[in-house]
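What follows is the residue order along each chain.
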Amino acid sequence: PRPRCFSTFGLRNAEWNGQPISPIFDKLKPLGGGSVTVGISPLHPKLAEITISNPSSKNALSGKMMTEFLEVVQTLKTDNEFKETVAVCVKGEDGTGFCSG
């Protein structure tokens, strides 16, 4: 399957230290570019790959990407496509480096 981006699932109602995180999401989401995607690896059907893509800043995580990363983790936990996943690989997309910063 082709990697894909996800919009917010159940994280909008989640809490951090007893406080709702939706205001944090609302502030981070518009900050910066790039993307975080997830898909089943072509190397093995039980391996998921999270791909960080922000080539203009050597894959540094923007606010938008931070929220997408959390959404991807939630997807790994809840989406039936990943119910057989036993390992997750996090990689940079452009091949020049994993993630700066």
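The rules behind these values
Residues numbered from 1 in each chain as written. Predicted model: local features only at pLDDT ≥ 70, side-chain atom pairs only at ≥ 80, totals over all residues. Heavy atoms only, no water. Patch = residues over 30% accessible without salt bridge, like charges linked within 9 Å, V, L, I, M, F, W, Y side chains within 5 Å. Areas by Shrake-Rupley, 256 points an atom, 1.4 Å probe, with all protein chains shown as cover. Salt bridge = Lys/Arg side-chain N within 4 Å of Asp/Glu carboxyl O. Helix = DSSP H or I, 4+ residues; strand = E, 2+ residues; numbered from the N terminus. Buried < 20%, exposed > 50% of the residue type's maximum accessible area, 1.4 Å probe, protein only. Pairing = 2+ DSSP bridges. Right-handed = clockwise from strand over helix to strand, strands pointing away. Contact = heavy atoms within 4.5 Å.

Engineer: What exactly am I supposed to notice about a nonpolar patch on the surface here?
Structural biologist: Taken together, Val 88, Val 90 and Phe 98 make up a surface patch of nonpolar side chains, about 240 Å² in accessible area. For Phe 98, the location among the structural elements is in the segment after β5 (87-92). For Phe 98, a relative accessible area of 46% gives the class partly exposed.

Engineer: How should I be thinking about unusual backbone geometry in this particular structure?
Structural biologist: Note: most residues except glycine have negative phi, and most peptide bonds are trans. Unlike most non-glycine residues, Lys 58 shows phi in positive territory, near 55°. Along the chain, Lys 58 falls in the loop between β4 (47-53) and α2 (63-78). Judged by its relative accessible area of 60%, Lys 58 falls in the exposed class. Despite not being glycine, Asn 59 shows a phi value in the positive range, around 65°. Its location among the elements puts Asn 59 in the loop between β4 and α2. A relative accessible area of 0% places Asn 59 in the buried class.

Engineer: Quick question: what am I supposed to make of the pairing of β5 here?
Structural biologist: On any regular strand, side chains alternate: one points to one face of the sheet, the next to the other face. Relative to β5, β4 runs parallel, the two being bridged by six bridges. Each bridged residue has a counterpart across the sheet, and for Leu 47 the counterpart in β5 is Ala 87. Taking the sense of rotation as the criterion, the β-α-β connection linking β4, α2 and β5 turns out right-handed.

Engineer: What exactly am I supposed to notice about the side chain of Asn 54 here?
Structural biologist: Within the fold, Asn 54 resides in the loop between β4 and α2. Contacts of Asn 54, omitting those with residues within four sequence positions, involve Gly 33, Gly 34, Asn 59, Ala 60, Ser 62 and Met 65.

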